[in-house]
Amino acid sequence: MSLSDFFSPVNVSKFSPKEGYYSSQLSTKIVTYETDFPDLDDQKFDVAIVGVLDDRGAINNQGCALGPDYIREKLYTLNEGSNKTNIVDLGNIKAGARLSDTYIALKMVVAELVKNNILPIILGGGQDLTYAQYMAYEELEQKVDLVVIDAQFDLEESAADTVTTNSVSYLNKIFLHQPNYLFNFSNLGYQTYFVNQDSLRVLDKLFFDAQRLGEISGSVHIAEPILRNADMISFDISSIRASDAMANANAGPNGFYGEEACRLCRYAGYSDKLSSIGFYEFNPAFDQNGQTAMLLAQMVWCFLDGFYNRKKDIPLKPKADYLIYKTSLKENAHQLIFIKSKKTDRWWMQVPYPALGSKNERFHFVPCLYEDYQLAVAGEMPDLWWRTYQKLN
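Residues numbered from 1 in each chain as written. Predicted model: local features only at pLDDT ≥ 70, side-chain atom pairs only at ≥ 80, totals over all residues. Heavy atoms only, no water.

Account for the overall build of the chain, with residues named and values stated.
Secondary structure summary: the chain contains 11 helices and 14 strands in total. For a compact globule of 393 residues, the expected C-alpha radius of gyration is about 21 Å, and the chain comes in at 21 Å, within 12% of that figure. Dimensions of the chain, computed from the C-alpha atoms along their principal axes, are close to 70 × 45 × 45 Å. A burial count over the chain gives 57% of its 393 residues as buried. Pairs at least 24 residues apart make up 72% of the contacts formed inside the chain by residues separated by at least 6 positions. Of the accessible surface of the chain, which amounts to about 17,500 Å², a share of 49% is contributed by carbon and sulfur atoms. Averaging the coordinates of the 37 positive side-chain charges in the chain and doing the same for the 49 negative ones gives two points 6 Å apart. (Helix = DSSP H or I, 4+ residues; strand = E, 2+ residues; numbered from the N terminus. Rg over C-alpha atoms; globule rule 2.2 N^0.38 Å. Buried < 20%, exposed > 50% of the residue type's maximum accessible area, 1.4 Å probe, protein only. Contact = heavy atoms within 4.5 Å. Areas by Shrake-Rupley, 256 points an atom, 1.4 Å probe, with all protein chains shown as cover. Lys, Arg positive; Asp, Glu negative; His and termini not counted. Charge placed at Lys NZ, Arg CZ, Asp CG, Glu CD.)

What follows is the structure, encoded as structure tokens:
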């Protein structure tokens, strides 16, 4: 089956300005599916925009299926950055006869794009589509580090024997799915009053990461190593405060500021490891003067800016590009090894695989902060090292 079978074309004339676009704007740079489906083999694209017209799994936010074209309307008017872009807009995945059909379509599209080294940017629909985004990695038989930017954990009880899920329970489906390809899960920006303490205990037991909004807001740089370690990201627009992004029926008074959301997206794009990202739950019915659509367009722009400034920063490849620091814990009980990139000043920790843990590698490199190195120098074991070691075990 061809990918074109899943998509409906974009009617750019529906939202393009009367005077047309300037030559510097993204509309003139993006190859858009309007009449003929783009040939992904003939042209070498780096990034693909994928809209999804399905909100049947969105709880209390029906209408978010209409979001993709509203984001495109704003995105196409933004100017190309300092790097030459090579982007294709594949149009919108049509809602299937059943929600499970939409999942299958998105799963196949993401898997095919990632297989061809094209990074999909998914726009529109409910956050339950994260499940289909994740299932693409099962097709690729690849271990996944998943990062979700959300004000709460979507771990509500759901019917385990159904193929579909919804926007408040999809994480259950991911955590319980067999075979299990999930290596790590991280939540950024949760708000404690929205979170069941049992859920926090579950994440802690699984050695997963969760960062409160209060820890990150105002210090967004601490989220960079987490985003650098992600294979896929799911961004719920309701994690941004309503004053900056009101286009969501579940928007709240607290959350990330718009500029913080843009910084998170730039960090995400800058990650050499990331291979897909989805922006979910944007509902144009609640927008005002297109403010949220413009913020989302700017977030995508910042992601692209990060993407086109990637440095291929992979630890110890080549070894000459990195500095190695060795520290000893109190009483010399254990030695920790840190790696710093000369190109970007970014840090990693070297975590050994337990005996027989990996036949091919002796060490796992996990992104970290300079503060983790300082903690080790002071003789303390960084929590990140211990949790990573437990997951490798």
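Describe the sheet that holds strand β14 (residues 363-368), with residues and values.
Taking strand neighbours across the sheet as the criterion, the 4 strands line up as β11-β12-β13-β14 in an open arrangement whose pairing is antiparallel. The sheet is open, and its two borders are formed by β11 (322-328) and β14, each paired with just one other strand. Direction aside, the axes of adjacent strands within the sheet are offset by 30 degrees on average. Pairing of β11 with strand β12 (residues 335-341), which is carried by 7 bridges, proceeds in the antiparallel orientation. Across the sheet, residue lysine 326 finds its bridge partner in β12, namely isoleucine 337. Contacts from helix α10 (residues 370-377) reach β11, β12, β13 (347-352) and β14, with the element oriented near 35 degrees to β11. (Pairing = 2+ DSSP bridges. Axes fitted to C-alpha atoms, helices over the stretch in contact; angles between N-to-C directions.)

An account of the environment of leucine 316 is requested, with residue identities and associated values reported.
Following the sequence through the fold, leucine 316 ends up in the loop between α9 (291-307) and β11. Between the C-alpha atom of leucine 316 and that of lysine 94, which follows or precedes it by 222 residues, the distance is 44 Å. Those residues in contact with leucine 316, other than ones at most four positions away along the chain, are Tyr322, Ile324, Ile339 and Phe365.

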